[in-house]
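Listed here are the chains, written in short residue letters.
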Amino acid sequence: MDTPPSKPSWSALVERARAESAPDVDVRAALRQQILSEGAFHRSAPVSPGILDEILALARGLRGRSSIAALTLSVMAFGWLMSDALGEINLLVQLETQLLAGL
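Residues numbered from 1 in each chain as written. Predicted model: local features only at pLDDT ≥ 70, side-chain atom pairs only at ≥ 80, totals over all residues. Heavy atoms only, no water.

Here we come to the overall build of the protein chain. Within the protein chain one finds three helices and zero strands. In sequence order, the secondary structure elements of the protein chain are arranged as α-α-α. Of all 103 residues assigned to the protein chain, the portion counted as buried reaches 0%. Within the structure as shown, the protein chain displays about 10200 Å² of accessible surface, and the carbon and sulfur contribution to it stands at 65%. (Helix = DSSP H or I, 4+ residues; strand = E, 2+ residues; numbered from the N terminus. Buried < 20%, exposed > 50% of the residue type's maximum accessible area, 1.4 Å probe, protein only. Areas by Shrake-Rupley, 256 points an atom, 1.4 Å probe, with all protein chains shown as cover.)

What follows is the structure in structure tokens.
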């Protein structure tokens, strides 16, 4: 008959654990290599744009176009106001000229 193995005492387990040293394993290099191979946090890795990136690009494009349109409309409005003001100045100069000519 086989005798069952006896259970080691707590002190024997502690002594055995102290006698055995932990292996020197540095997992940082393996993790770094795995991260670089997956392309995460790699600057030259291509990133496919998502729907939010496309919406942001569209908004930037529309903002640029709308700002150019707003600038164009502002210049047109300023030009129209200036031409109106110049027309009134011209009318006043003509009126003064006629009044001075009548004296």
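Taken together, V25, V27, L31 and I35 make up a surface patch of nonpolar side chains, about 350 Å² in accessible area. Structurally, the position occupied by L31 is in helix α2 (residues 28–38). (Patch = residues over 30% accessible without salt bridge, like charges linked within 9 Å, V, L, I, M, F, W, Y side chains within 5 Å. Salt bridge = Lys/Arg side-chain N within 4 Å of Asp/Glu carboxyl O.)

Close approach of charged atoms allows side chains of opposite charge to pair. Under the criterion given, the structure shown has one salt bridge. The salt bridge partner of E20 is R16, with a shortest N-O separation of 3.5 Å. No difference in accessibility class separates E20 from R16, as the two residues are exposed.

Let's shift gears to the confidence of the model for the protein chain. In this model, the protein chain carries an average pLDDT of 80, and 84% of its residues clear a pLDDT of 70 or more. The secondary structure element of the protein chain with the lowest average pLDDT is α2, at 78, and the one with the highest is helix α3 (residues 51–102), at 88. (pLDDT = per-residue confidence, 0-100.)

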